[in-house]
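The lines below spell out each chain.
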Amino acid sequence: ITMCAEKLALYGGEKLKSTPFGAGNRFGENDLHHLKEALEQGTLFYWYGDKVKSLTKKFAEIYDMPYCVAASSGTAAVHVALGICGVTAGDEVITSPITDMGTIIGILFQNAVPVFADLDPHSYTLDPKSVEEKITDKTKAIIAVHLTGGPTDMDAIMDIAHRHNLKVIEDCAQSYMATYKGKLLGTIGDVGCFSLNDFKQISAGDGGLVITRSEEMYEAALRFADKNYQRLPGKSAASRDVPFIAPNYRMNELTGAVGLAQMERMPKVCARLHEIGDRISDAIRDLPGIYPPKVQPDSTSTYWFYMFRIDEKEAGVDRNTFSDALAAEGIPNQRGYIPSCIYNYDLFINKRGYQGTNCPFGCKLNGHTHDYAPGLCPTAEDILNTAIRFSFNEFYTDADIDDIIAAIRKVSTYFAEKKNA
Ligand SMILES: *Cc1c(COP(=O)(O)O)cnc(C)c1O
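Please read these numbers as outputs of a predicted model, since none were measured by experiment.

Participant: How would you sum up a nonpolar patch on the surface? Please name residues and give values.
Facilitator: Together, Leu39, Leu44 and Leu254 make up an exposed nonpolar region whose accessible area comes to about 240 Å². Note on placement: Leu39 falls in helix α1 (residues 29–40). Exposure remark for Leu39: the relative accessible area of 54% places this residue in the exposed category.

Participant: For unusual backbone geometry, give the residues involved together with the corresponding values.
Facilitator: A cis amide bond, omega 0°, links Cys359 with the succeeding residue Pro360. Structurally, Pro360 can be placed in the loop between α12 (346–349) and α13 (378–386). Its identity is not glycine, yet Asp64 carries a phi of approximately 50°, on the positive side. Structurally, Asp64 can be placed in the loop between α2 (51–62) and β1 (67–71). Not every positive phi belongs to a glycine, and Met177 is a case in point at roughly 65°.

Participant: An account of the nonpolar core is requested, with residue identities and associated values reported.
Facilitator: In this structure, Phe59, Tyr63, Ile98, Tyr176, Leu209, Met266 and Tyr337 are the most contacted members of the largest nonpolar core, which totals 97 residues. Ranked by the residues each element gives to this core, the list is headed by helix α3 (residues 74–84), at seven residues. Dropping the residues within four chain positions of it, Leu209 is found in contact with Leu55, Thr56, Phe59, Cys68, Val69, Ala70, Ala77, Gly192, Cys193, Phe194, Leu196 and Met263. Counting residues in hydrophobic clusters, the runner-up holds 31 residues, among them Ala5, Val269, Ile331 and Tyr414.

Participant: Before we move on, can you summarise the site of the ligand with the specific residues and values?
Facilitator: The ligand sits among 14 residues. The nearest are Gly74, Thr75, Asp171, Ser195 and Lys200. Thr75 is positioned with one of its side-chain polar atoms (N or O) 2.5 Å from an oxygen atom of the ligand. Between the ligand and Thr103, the relevant distance is 3.4 Å, taken from a nitrogen atom to a side-chain nitrogen or oxygen of the residue. Protein contact buries 92% of the 380 Å² of open area that the ligand shows by itself. Of all the elements in the fold, those that place two or more residues in the shell around the ligand are α3 and α4 (101–109).

Participant: Kindly report on the pattern of salt bridges, identifying the contributing residues and their values.
Facilitator: Tallying each qualifying case throughout the model produces 24 salt bridges. With a closest N to O distance of 3.0 Å, Arg272 and Asp398 form a salt bridge. Taken together, the positions of Arg272 in helix α9 (residues 266–284) and Asp398 in helix α14 (residues 398–420) put the pair 126 residues apart, joining distant regions of the chain. Each of the salt bridges in this network shares a partner with another, and the network as a whole consists of Arg272, Glu275, Arg279, Asp398 and Asp402.

Participant: Break down the pairing of strand β8 (residues 191–195) for me, with residues and values.
Facilitator: In the case of a regular strand, side chains alternate between the two sheet surfaces. By the criterion of burial, β8 is predominantly enclosed, with five of the five residues buried. Of the two faces of β8, the one holding Val191, Cys193 and Ser195 and the one holding Gly192 and Phe194 are both buried throughout. The pairing of strand β5 (residues 167–171) with β8 spans three bridges and is classified as parallel. Of the residues in β8, the one forming a bridge with Ile169 is Val191. Of the pairings in the sheet, the one linking β8 to strand β9 (residues 208–212) comprises five bridges and is antiparallel in character. Across the sheet, Val191 pairs through a bridge with Thr212, a residue of β9.

Participant: Give a detailed account of the packing of aromatic side chains, specifying residues and quantitative values.
Facilitator: The tally for this structure, following the rule as stated, stands at 29 aromatic pairs. Here the aromatic rings of Phe45 and Tyr48 are separated by 5.0 Å at their centres, their planes lie at 80°, and the arrangement is edge-to-face. Looking at Tyr48, the relative accessible area reads 63%, which means it is exposed. Seen from their ring centres, Tyr46 and Trp47 are 5.7 Å apart, and the 75° between their planes marks the pair as edge-to-face. Over the aromatic face of Phe21 sits the side chain of Lys17, whose NZ or CZ is 4.7 Å from the ring centroid. One cation-aromatic arrangement involves Lys200 over Trp304; the distance from NZ or CZ to the ring centre is 4.3 Å.

Participant: If you had to explain the sheet that holds strand β3 (residues 113–116) to someone new, which residues and values would you point to?
Facilitator: On the basis of which strands lie adjacent, the open sheet formed by seven strands has the order β1-β9-β8-β5-β4-β2-β3 and mixed pairing. Looking along the sheet, the strands with just one partner apiece sit at the ends: β1 and β3. Adjacent strand axes in the sheet meet at a mean angle of 25°, parallel and antiparallel pairs treated alike. α3 contacts β1, β2 (92–95), β4 (139–145), β5, β8 and β9 of the sheet and is inclined by roughly 165° relative to β8. Seen against the sheet, α4 touches β2, β3, β4 and β5 and runs at an angle of roughly 140° to β3.

So, how was this worked out
Residues numbered from 1 in each chain as written. Predicted model: local features only at pLDDT ≥ 70, side-chain atom pairs only at ≥ 80, totals over all residues. Heavy atoms only, no water. Patch = residues over 30% accessible without salt bridge, like charges linked within 9 Å, V, L, I, M, F, W, Y side chains within 5 Å. Areas by Shrake-Rupley, 256 points an atom, 1.4 Å probe, with all protein chains shown as cover. Salt bridge = Lys/Arg side-chain N within 4 Å of Asp/Glu carboxyl O. Helix = DSSP H or I, 4+ residues; strand = E, 2+ residues; numbered from the N terminus. Buried < 20%, exposed > 50% of the residue type's maximum accessible area, 1.4 Å probe, protein only. Core = buried A, V, L, I, M, F, W, Y, C linked by side-chain atoms within 4.5 Å. Contact = heavy atoms within 4.5 Å. Near = heavy atom within 4 Å. Polar contact = N/O pair within 3.5 Å; in protein donor to acceptor, adjacent residues only side chain to side chain. Pairing = 2+ DSSP bridges. Phe/Tyr/Trp six-rings, centres within 6.5 Å; stacked < 30°, edge-to-face > 60°. Lys NZ or Arg CZ within 6 Å of the ring centre and 35° of its normal. Axes fitted to C-alpha atoms, helices over the stretch in contact; angles between N-to-C directions.

Given below as structure tokens:
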């Protein structure tokens, strides 16, 4: 007797998900309480008020780090990290070709050149071997993007950095509270960067956080996020003694208030996302040609989104049809992630960082040629061409997760049986 696969909703069968997904408001009384207190201070300036200070103190406590500096966005946090790592005109920074532009923008604004290394096919994070191949005499730093919420192979990245005297920045904008071999992501490299934009595990509308163990980098970060002004008491430099340009990436007290309130939810939210993601992976791992995201050994992901890959031959179905079939079952999803690897964006293809010029790519302080073209990072391109992505949040019920799993299994089983028939 052979099991007969259920007819897919895509082909007129019954739609699997018949109830709405769990929903809720991530903001509440606690946010209002802190916002009210912020306004009652009579100032919304971070250096005079208490909210941004309390937020950075709380975040540093949760992460067991001595220093945290606030910024106005995740993009700003990465830019601050680059600034305090000494990345400047003509330098190169090795990073991931699948990420948010926020990883890249700071590199370009420092007039440094982004160099893209290929990725591990299933963790979607930097492949250490490819990173090492991309190192030149101009390389200053590596930005490890812990994509989708799971860790980069940090032992290998730190080993490379030590051998080549490079700084390591962890872009944790998607990976709050995720761990690598027992250590929280963001605490392993020289600097960890986080985003409080409205789409991350927690939101303060917009905002960013930078953590480091180095007192010197901490003081540099305070300055780099605030026009290079010196506000710390007892320092010899006068406050307007500006040694080089730095932006104004200050966080205001209203953002700090909401960020502080969100800190109380963060561990719980992330624990739930971790649980949901792992549960889905365990429940679909056996399906032919379906590859759940790989999490490094003894490590955890907090699944900012869930992205799995389809091997078309093994699964008996192409990615796009699988995606359509899953959507028809009532599980909204996207094909891949960003439209193409970052190096295929116009600004790289045309090597035009600053309008009407070839800066920073033609910078004579760099002196290297950089070829950005399709095929540069073949594994990263494969990932984007074969991945399916969907989101979940802390309000999803266990029944919602059961439905997601059942839908993936239904679609997979249908095509697997067709293939074997
Ligand atoms: C969201 C994100 C950023 C940028 O954060 P913003 O707060 O939107 O500036 C940077 N890197 C990664 C990997 C992100 O996902």
